[in-house]
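Each chain, letter by letter, is given below.
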Amino acid sequence: MKKILVVGASGQIGSELVPELRRVYGEDNVVAADLKEPSQLAPTLVNGIYEQADALDAPRLVEIIKKHNIDSVYNLVALLSSVGEQKPQLSWKINIGALVNLLEIARENHLALFTPSSIGAFGPTTPKDNTPQDTIQRPTSIYGVTKVTGELLCDYYFKKYGVDTRGVRFPGIISSVTLPGGGTTDYAVDIYYEAIKKGHYTCYIKPGTYMDMMYMPDCLKAAIDVMEADSSKFIHRNCFNVASMSFEPEQIAAAIKKVIPGFTMDYDIDPVRQGIAESWPNKMDDSCARAEWGWKPTYDLDSMTEDMIRILSARLKKA
Ligand code: SER
């Protein structure tokens, strides 16, 4: 992998993946692209090569790819699960529109393409505990419908055309740089901000609701490692389950309490996000990713919590 394009670069994952890719592959080898104007973006994105582009505008994407001799693309364009339920048609248009454009461009220009899937690709009839790599996938959110469609399209483009598509099923991602926005798992990010600012959090997810979660450094590692992996060892190819921790709201609250002893939490349940959360796995089995390309996460709930509170406390105090 030499010349990389990240589409949807200003989102939660892109805003940290772009600097990490630049650190690994060199400033000149990573192009960030997003719908937003450069003036709306963090310096870490626009200090390197940046192209404003709509992922639904295929000719514009081709222009960027040719201009910069791109050979690998990270497709991070997506409306998340909760906002998707407010705008299902838009969710389909954006999530699938961007993917179909990039798959076709990858086919015509011989590019490698990373597209993340999600725990959202599972549904209420999926086995909840140790959710297998290959299992029932009947999601009930439009986000999940687009994710399953994406997994199948990526597999199809590999099988039919030999496009080097790769991907993982991400858990809820917890990070300190850019807020996720519009997801069901966002509570596990918001809770840290509120714990530091107010010492209290009102949680929209019920006690006892387990979901897979992952700290951003492990998310970045998964995205880079699967693209670097020797694909001759792949039995699967797209949508590898990757896991590192799974918890219910009380457990993240207890982990925060160890660092901020006065922290308290109460509940005000959002039925839409609760319904989505209950349809997702409690904990995925990621043994295929471990066996086929050596996936191994670094962070657990306590080490993530210490790191999040240290980073956010320093930042929020300055603000
Ligand atoms: N974090 C996403 C969401 O909650 C799941 O992939 O929508």
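Relevant structure appears above.
Residues numbered from 1 in each chain as written. Predicted model: local features only at pLDDT ≥ 70, side-chain atom pairs only at ≥ 80, totals over all residues. Heavy atoms only, no water.

Colleague: Run through the pattern of salt bridges, naming residues and quoting values.
Modeller: Enumeration according to the criterion identifies 16 salt bridges in this entry. Where E151 meets R169, a salt bridge forms, and the shortest distance between an N and an O atom there is 2.7 Å. Of the two residues, E151 is situated in helix α6 (residues 142-161) and R169 in strand β9 (residues 168-170); the sequence distance between them amounts to 18 residues. On the basis of relative accessible area, E151 is assigned to the buried category, the value being 6%. Here K198 ties to E194 by a salt bridge, and the two come within 2.8 Å at their closest N and O atoms. Remark: E194 and K198 occur in helix α7 (residues 187-198); sequence separation between them is four residues, near one turn of the helix. Since its relative accessible area comes to 18%, E194 is described here as buried. Through salt bridges with shared partners, a single ionic network connects E51, R60, E63 and K67. (Salt bridge = Lys/Arg side-chain N within 4 Å of Asp/Glu carboxyl O. Helix = DSSP H or I, 4+ residues; strand = E, 2+ residues; numbered from the N terminus. Buried < 20%, exposed > 50% of the residue type's maximum accessible area, 1.4 Å probe, protein only.)

Colleague: Tell me about unusual backbone geometry, and please be specific about residues and values.
Modeller: Phi is positive for N69, which is not a glycine, with a value near 50°. The residue N69 is located in the loop between α3 (58-67) and β4 (72-75) in this model. Non-glycine residue N130 carries a positive phi angle of around 50°. Looking at the secondary structure, you find N130 in strand β7 (residues 129-131).

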